[in-house]
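Structural description and commentary
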Amino acid sequence: AEAREALARARFSVGRSSVDAGLAARDAGALREAIVLLERLVSEAPEHAASWWLLGTAYAGLGEAEEALPCFEKAKALDPAAGDVDRALGRVYLA
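So, a few notes on the structure that sits alongside this text. Note that the coordinates shown come from a computational prediction; the quantities given were computed from them, not determined experimentally.

We now examine the pattern of salt bridges. By the definition in use, this model includes 4 salt bridges. For the salt bridge of Asp 27 with Arg 26, the shortest nitrogen-to-oxygen distance reads 2.9 Å. The partner of Asp 84 in a salt bridge is Arg 87, and the shortest N-O contact between them spans 2.4 Å. Of this pair, Asp 84 and Arg 87 both sit in helix H6 (residues 83-94), 3 residues apart, which is roughly one turn of the helix. Judged by its relative accessible area of 39%, Asp 84 falls in the partly exposed class.

Moving on, we come to the side chain of Ser 51. Structurally, Ser 51 is set in helix H4 (residues 49-61). For Ser 51, a relative accessible area of 0% translates into the label buried. At a separation of 2.5 Å, a polar atom in the side chain of Ser 51 contacts the side chain of His 48. If we ignore the near neighbours within four places in the chain, the residues touching Ser 51 are Val 19, Leu 38, Leu 41 and Val 42.

Grouped together as the largest cluster of nonpolar side chains are 25 residues, with contacts concentrated most on Leu 38, Trp 52, Leu 55, Tyr 59 and Phe 72. Listing elements by their share of this core, those giving two or more residues are helix H2 (17-27), helix H3 (31-44), H4, helix H5 (65-78) and H6. Looking at this core, the element that brings in the most residues is H3, giving 7 residues. Apart from residues no more than four positions distant in its own chain, Leu 38 is found in contact with Gly 22, Ser 51, Leu 54 and Leu 55.

What follows covers the packing of H4 against H5. Axis separation between H4 and H5 bottoms out at 8 Å; the angle between their running directions is 160°. With respect to each other, H4 and H5 are oriented roughly antiparallel. Classified by chirality, the crossing of H5 by H4 is left-handed. Packed against H4, whose contacting residues are Ala 49, Trp 52, Trp 53, Leu 55, Gly 56, Thr 57, Tyr 59 and Ala 60, the element H5 presents Glu 67, Ala 68, Cys 71, Phe 72, Lys 74, Ala 75 and Leu 78 at the interface.

With respect to the secondary-structure elements, Thr 57 resides in helix H4. The class for Thr 57 is buried, based on a relative accessible area of 14%. Not counting residues within four places of it along the chain, the set of residues in contact with Thr 57 comprises Arg 26 and Phe 72.

Cut-offs used in this document
- Residues numbered from 1 in each chain as written.
- Predicted model: local features only at pLDDT ≥ 70, side-chain atom pairs only at ≥ 80, totals over all residues.
- Heavy atoms only, no water.
- Salt bridge = Lys/Arg side-chain N within 4 Å of Asp/Glu carboxyl O.
- Helix = DSSP H or I, 4+ residues; strand = E, 2+ residues; numbered from the N terminus.
- Buried < 20%, exposed > 50% of the residue type's maximum accessible area, 1.4 Å probe, protein only.
- Polar contact = N/O pair within 3.5 Å; in protein donor to acceptor, adjacent residues only side chain to side chain.
- Contact = heavy atoms within 4.5 Å.
- Core = buried A, V, L, I, M, F, W, Y, C linked by side-chain atoms within 4.5 Å.
- Axes fitted to C-alpha atoms, helices over the stretch in contact; angles between N-to-C directions.
- Parallel < 35°, antiparallel > 145°, perpendicular 65-115°, else oblique.
- Left-handed = near helix turned anticlockwise from the far one by under 90°.

The following block contains the structure:
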């Protein structure tokens, strides 16, 4: 219930809060909604590595490794030192 309330508040956010909205949707289990929000965000800010990583985690949460992989690869290219991306890539490669 708490996550759903956070999601409802986050839906109306813009800018920096768009990342929060995508994260809230993902954490609430609304993965398709998270994907829509995060796809929009990466199209508007393609240099934002964390958004690519979040998008990949949403796809991975649905078991869609083919969609998750390029997201994680883009995040890695933008932020080579990101350990979370390395772990996510490893999970996708092993899936």
